[in-house]
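As a plain string of letters, each chain reads:
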Amino acid sequence: MTFRIPLSSPDITQAEIEAVTAVLRTPHLSLGPQLAAFESELAAYHSVEHAVAVSSGTAALHLALITLGIGERDEVIVPSFAFIATVNAVLHVRATPVFAEIDPITLNLDPVSVGQAITSRTRAILAVHTFGVPADMTALQAIAQQHNLALIEDACEAIGAQLDSHPVGSFGDLAVFGFYPNKQLTTGEGGALLCRDSRHALRLRSLRNQGRTGADWFDYTEPGYNYRLSDLACALGRAQLGRIDEILSSRSQAAARYWNLLAGIPGLECPQLALARRALSWFVYVVRLPEDVDRDHVRNALAAQGIATGRYFPPIHLQPAWRAHPQAGFERLPVTESVARRTLALPFFNRITADQQEEVAAALKKALRYD
Ligand SMILES: *Cc1c(COP(=O)(O)O)cnc(C)c1O
């Protein structure tokens, strides 16, 4: 189904088109100068030593777990209110995801619940900066240090967000980004890792390229993957990173316009425009409907007017993909389940117009019978 007002839409300018076209006129379509430049610009933007670009955010998560030595019988603490990729990556290394609760305001891992989820098998905390809101990394770093756990940041939804004036991606042992077309920065498909340890960077570069050592194309130190990102994608990423401030500011303006249109609707919870200690990077605009409202009815009413909406996120611990797993228990996550039942993502992208947002707001009010 195509919608008149889509949920998301990539913002590709002439600069991106020219950057990609220029690469096509060279013989370097992969492992070329665009890759090296994209990586050093990503590292510089985050003030972190190393960036390694890969083919997707999921690939980045997979390599992060391998690089930290996480495998069978290890437990990784994750939120259930997240994108399925986060947990799929844990399952790919045969480790066990252990679900912790979220904070009802930030929708990020609740450090108290994380503390309660630790066992003798816990090896890592995988914190997601959900919807572009930084997680409480100070509290999570303290827990990780106390229990000798690795800390991974899934910053796929949060490029450019900050906690205490430090960019997300600069807190964990490793941090992961994703550049799918609905993200703030896109390379079509793509992802990246940030790290401080040069041994991690070396291993990541080897793993993304079949386990090659680098010295010779036909020397392999361990079984690796083809998780390379093409120079076409890297050129696109560089053009997007070059105007990331403009991208993030048009998104926060759109969020502020939604607030003005929607905050007065009785029972509707809108995301906070500002949160203590944090600079937000708007990924999606997700409202919470009143408890007694039938979300499917609202979605259908908006769809009938050509307006797309999304259910970000159905809890992962309730997905058949996890329920069928031998380690699946009777997880009860009341905050996650209550939030997830009520969320509704509204159309949200760089170039959404005030008229489009007014139309979405009017349709939502009508569906909620508050017009
Ligand atoms: C987008 C996203 C990913 C990675 O997705 P890919 O499609 O593999 O690039 C991972 N985690 C979260 C939380 C995401 O939103």
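Figured I'd write up the structure that's included with this text.

The rules behind the values
- Residues numbered from 1 in each chain as written.
- Predicted model: local features only at pLDDT ≥ 70, side-chain atom pairs only at ≥ 80, totals over all residues.
- Heavy atoms only, no water.
- Helix = DSSP H or I, 4+ residues; strand = E, 2+ residues; numbered from the N terminus.
- Rg over C-alpha atoms; globule rule 2.2 N^0.38 Å.
- Buried < 20%, exposed > 50% of the residue type's maximum accessible area, 1.4 Å probe, protein only.
- Contact = heavy atoms within 4.5 Å.
- Areas by Shrake-Rupley, 256 points an atom, 1.4 Å probe, with all protein chains shown as cover.
- Lys, Arg positive; Asp, Glu negative; His and termini not counted.
- Charge placed at Lys NZ, Arg CZ, Asp CG, Glu CD.
- Arc of directions from axis to C-beta.
- Polar contact = N/O pair within 3.5 Å; in protein donor to acceptor, adjacent residues only side chain to side chain.
- Core = buried A, V, L, I, M, F, W, Y, C linked by side-chain atoms within 4.5 Å.
- Near = heavy atom within 4 Å.
- Nonpolar A, V, L, I, M, F, W, Y, C, P; charged D, E, K, R; others polar.
- Pairing = 2+ DSSP bridges.
- Axes fitted to C-alpha atoms, helices over the stretch in contact; angles between N-to-C directions.
- Phe/Tyr/Trp six-rings, centres within 6.5 Å; stacked < 30°, edge-to-face > 60°.
- Salt bridge = Lys/Arg side-chain N within 4 Å of Asp/Glu carboxyl O.

### Some points on the overall build of the protein
Reasoning step 1: Along the backbone of the protein there are 13 helices and twelve strands.
Reasoning step 2: A compact globule built from 371 residues would reach a C-alpha radius of gyration of about 21 Å, and the protein, at 21 Å, matches this within 12%.
Reasoning step 3: For the protein, the C-alpha atoms occupy an extent of roughly 65 × 55 × 40 Å along the three principal directions.
Reasoning step 4: Expressed as a percentage of the 371 residues in the protein, the buried residues total 55%.
Reasoning step 5: Restricting the contact set of the protein to residue pairs at least 6 apart, pairs at least 24 apart contribute 70%.
Reasoning step 6: Carbon together with sulfur atoms contributes 51% to the accessible area of the protein, which is approximately 16100 Å² in total.
Reasoning step 7: Looking at charge distribution, the protein has the averaged site of its 32 positive side-chain charges lying 3 Å from that of its 37 negative ones.

### Structural notes on helix H10 (residues 295-304)
Reasoning step 1: Buried within H10 we find Arg-295, Val-298, Leu-302 and Ala-303. For H10, the angular spread of the buried residues around the axis is 130 degrees, confining them to a single face. Exposed residues pointing more than 90 degrees away from the buried face of H10 are listed as Asn-300 and Ala-304.
Reasoning step 2: Check the buried side of H10 and you find it contacts helix H12 (334-342), strand S12 (343-346) and helix H13 (354-367).
Reasoning step 3: A side-chain oxygen of the first residue of H10 lies 3.0 Å from the backbone nitrogen of Asp-296; this N-cap is Asp-294.
Reasoning step 4: Just downstream of H10, Gly-306 is the residue with a positive phi angle, here 80 degrees.

### Looking at the nonpolar core
Reasoning step 1: Counting residues in hydrophobic clusters, the biggest one holds 38 residues, and the most contacted among them are Val-54, Leu-65, Ile-70, Val-76 and Val-176.
Reasoning step 2: It is helix H3 (residues 57-67) that contributes the most residues to this core, seven residues altogether.
Reasoning step 3: Discounting residues that sit within four places of it in the chain, Ile-70 has contacts with Leu-65, Val-76, Val-93, Ala-95, Arg-123 and Ala-124.
Reasoning step 4: The next biggest cluster of nonpolar side chains, apart from the first, holds 29 residues, and it includes Ile-5, Ala-254, Leu-302 and Phe-348.

### Re the site of the ligand
Reasoning step 1: Contacts to the ligand come from 13 residues, most closely from Gly-57, Thr-58, Asp-154, Glu-157 and Lys-183.
Reasoning step 2: In this structure, an oxygen atom belonging to the ligand sits 2.8 Å away from a main-chain N or O atom of Gly-57.
Reasoning step 3: A distance of 2.4 Å separates an oxygen atom of the ligand from a polar side-chain atom of Thr-58.
Reasoning step 4: Burial of the ligand by the protein chains amounts to 91% of its free accessible area of 390 Å².
Reasoning step 5: Contributions of two or more residues to the shell around the ligand are made by H3 and helix H4 (84-92).
Reasoning step 6: With three residues, the top contributor of residues to the shell around the ligand is H3.
Reasoning step 7: Within the shell around the ligand, the residues separate by chemical class into five nonpolar, five polar and three charged.

### So, the sheet that holds strand S9 (residues 191-195)
Strand-to-strand pairing in sheets goes through backbone hydrogen bonds, with the strands running parallel or antiparallel.
Reasoning step 1: Overall, mixed pairing links the seven strands, which are arranged S1-S9-S8-S5-S4-S2-S3 in an open sheet. The open sheet is flanked by strand S1 (50-54) and strand S3 (96-100), the only strands paired with a single partner. Averaged over all neighbouring strand pairs, the angle between strand axes comes to 25 degrees, with direction disregarded.
Reasoning step 2: As paired strands, strand S2 (residues 75-79) and strand S4 (residues 122-128) are joined by three bridges and run parallel to one another. Within S4, the position partnered with Ile-77 by the bridge is Ile-125.
Reasoning step 3: In the packing of helix H2 (residues 33-46) onto the sheet, contacts are made with S1, strand S8 (174-178) and S9, and the angle to S1 comes to roughly 130 degrees.
Reasoning step 4: Contacts from H3 reach S1, S2, S4, strand S5 (150-154), S8 and S9 within the one sheet, and its direction differs from that of S8 by about 165 degrees.

### Here's the deal with the packing of aromatic side chains
To describe a pair of aromatic rings, you give the distance between the ring centres and the angle between the ring planes.
Reasoning step 1: The tally for this structure, following the rule as stated, stands at 13 aromatic pairs.
Reasoning step 2: Note on Phe-99 and Trp-322: the rings are 5.4 Å apart at their centroids and 75 degrees apart in plane angle, and the pair reads as edge-to-face. On the criterion of sequence distance, the pair formed by Phe-99 in strand S3 and Trp-322 in helix H11 (residues 320-323) is long-range, its members being 223 residues apart. With respect to class, Phe-99 is no different from Trp-322; both count as buried.
Reasoning step 3: Ring centres 5.9 Å apart and planes at 20 degrees place the aromatic pair Trp-282 and Tyr-285 in the stacked group. Per residue, the accessibility class of Trp-282 equals that of Tyr-285, and both read buried.

### Observations regarding the pattern of salt bridges
Reasoning step 1: Following the criterion strictly, the structure yields 17 salt bridges and no others.
Reasoning step 2: We note a salt bridge from Arg-205 to Glu-39, for which the minimum N-O separation is 2.9 Å. Residue Arg-205 is located in helix H7 (residues 198-207), and its partner Glu-39 is located in helix H2; the two are separated by 166 residues in the primary sequence.
Reasoning step 3: In this structure, Arg-323 engages Glu-331 in a salt bridge whose closest nitrogen and oxygen atoms are separated by 3.0 Å.

### Considering helix H6 (residues 137-147)
Reasoning step 1: Within the span of H6, buried status applies to Met-137, Leu-140, Ile-143 and Ala-144. Projected down its long axis, H6 shows its buried positions confined to an angular sector of 125 degrees, all on one face. Away from its buried face by more than 90 degrees, H6 exposes Gln-145 and Gln-146.
Reasoning step 2: For H6, the secondary structure elements touched by its buried residues are helix H5 (111-117), S4, S5 and strand S6 (162-163).

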